[in-house]
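Each chain is listed here by its residues.
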Amino acid sequence: MAVLESDSSIDCGEAPESATAATTDSPLTRTQMHLAMLAAVTLPPLGVMWAMYLLWGGWFDWSGLVALVVMYIATGLGVTIGYHRLFAHKAFVTTTPISVFLMILGGMSAQGPLIWWVGTHRRHHRHSDQEEDPHSPHAHRARGVIGWTKGFLHAHVGWLFTSTRESNHQYVPDLLGNPTIMRINRLFPLWVAAGLVLPGIVCGLVTMTWTGAALGVLWGGLIRMFLLHHSTWSINSVCHVWGWRDYRSDDHSRNNPVMGILSFGEGWHNNHHAFPTSARHGLKWWQLDVSWLVIRSLQACGLATHVRLPTESRMKARRRGRPLRNVVNQ
Ligand SMILES: [Zn+2]
Ligand SMILES: [Zn+2]
């Protein structure tokens, strides 16, 4: 089983050692920033949980809960393992059936066709928190509370309405030349529809009612998409603002344990920006990285090879003297 050193210079642009992140100011104190971010991350899922509690036994029951959890995990791993680590960063190699399966699961997340997703993401790494970054909370940010809020909302969701027409094809020549990938990419609307219909069919068969089928579409499809969208978008917004930095990187990326759990390991975002092609983002034993556990299991079964990891010496060379706790004036 080949374990390669994670060399990020292939297609995503590792930050040069000497580079320094652009400085930004903030109208909020560190405590205010922490409270605002904590509210932004926790209130929406808490609201959904409250709705689930109120609806339990009526419009929400065990079949809806199982559909929601199973579809969230399956499509979430399709994005993190498939779209992100396999296709965007080539962090490992796997068989064609598994690649196709991950691509379809990623499509069912409704986060965009693979080619567009990977192009946008590689552009993010190439120009992270700079002018060309499609979703930075820092670039172009105006001063003051309103400017800070606008920057955060742009990174979270606003960029989808301003950057989607830009072509990122120069970042994905490897994918554009693969007919299998192009074919599955073109069928993106079909995968989105499947992500809605599939939980509906299963819940309909389990309950043997049309209401059960409709609730399967609602909880396993629409609400699951809502939760996973915000989880992924929070990597772009929250994880470039709130958390700490273990490694030097040419941007504001942060390690955020809340997002590390909710997004199957993607929240260890400073680790990821420091070593973009590493298949493992949670580099410390306690940094839970479910996506890495799946990749490691595939490797143990002989289904993943050429798994890239940073060597101890590279991690040591990039380690910061002291984690940055102050998120305001970085
Ligand atoms: Zn980032
Ligand atoms: Zn990445």
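Here the structure is shown first, and the text comes after it.
If you're wondering where the values come from, they're calculated on a predicted model, not measured in any experiment.

A. Focus on the environment of Ala110. Assignment of secondary structure puts Ala110 in the loop between helix H3 (96-108) and helix H4 (114-126). It is 5.4 Å that separates the C-alpha atoms of Ala110 and Val192, two residues lying 82 residues apart in sequence. In contact with Ala110, not counting residues within four places along its chain, are Val192, Gly195 and Met225.

B. Representation of the packing of helix H5 (residues 144-156) against helix H9 (residues 210-237) in the model. Relative to each other, H5 and H9 sit at 130°, their axes nearing to 7 Å. As far as their axial angle goes, H9 and H5 are oblique. As for how H5 packs across H9, the hand of that crossing is right-handed. Of H9, the residues touching H5 (which contributes Phe152, Ala155 and His156) are Trp233, Ser234, Asn236 and Ser237. Tallied by class, the residues present in the contact of H5 with H9 amount to three nonpolar, four polar and no charged.

C. Structural context of the packing of helix H2 (residues 62-88) against helix H8 (residues 188-207). Running from amino to carboxyl end, H2 crosses H8 at an angle of 150°, the nearest separation of the two axes being 10 Å. Classified by the interaxial angle, the pair formed by H2 and H8 is roughly antiparallel. Of the two elements, H2 crosses H8, and the hand of that crossing is right-handed. Contact residues: Ser63, Gly64, Ala67, Met71 and Thr75 in H2; Gly195, Pro199, Val202, Cys203, Val206 and Thr207 in H8. Classifying every residue of the contact of H2 with H8 by side-chain character gives six nonpolar, five polar and no charged.

D. Structural detail: the environment of Leu198. By the element assignment, Leu198 lies in helix H8. When the 18 C-beta atoms within 10 Å are taken as the criterion, Leu198 is described as partly exposed. Measuring from C-alpha to C-alpha, the distance between Leu198 and Val217 comes to 7.7 Å, with 19 residues separating the pair along the chain.

E. Structural detail: H8. Relative to the 28 Å expected for 20 residues at 1.5 Å per residue, H8 spans 29 Å between its end C-alpha atoms, a close match to the ideal helical length. The axis of H8 is deflected most strongly, by about 25°, at Gly195, and proline Pro199 appears within four residues downstream. Looking at H8, one finds that the buried residues are Phe188, Trp191, Gly195, Pro199, Gly200, Cys203 and Gly204. The inward-facing, buried residues of H8 abut H2, H3, helix H7 (179-186) and H9. Following H8 by one or two positions, Met208 has its phi on the positive side, about 55°.

Analysis parameters
- Residues numbered from 1 in each chain as written.
- Chains lettered and ligands numbered in written order.
- Predicted model: local features only at pLDDT ≥ 70, side-chain atom pairs only at ≥ 80, totals over all residues.
- Helix = DSSP H or I, 4+ residues; strand = E, 2+ residues; numbered from the N terminus.
- Contact = placed C-beta atoms within 7 Å.
- Axes fitted to C-alpha atoms, helices over the stretch in contact; angles between N-to-C directions.
- Parallel < 35°, antiparallel > 145°, perpendicular 65-115°, else oblique.
- Left-handed = near helix turned anticlockwise from the far one by under 90°.
- Nonpolar A, V, L, I, M, F, W, Y, C, P; charged D, E, K, R; others polar.
- Buried ≥ 20, exposed ≤ 12 C-beta atoms within 10 Å, placed from the backbone.
- Expected span 1.5 Å × (residues − 1).
- Bend = angle between axes of the 7 residues up to and from the residue.

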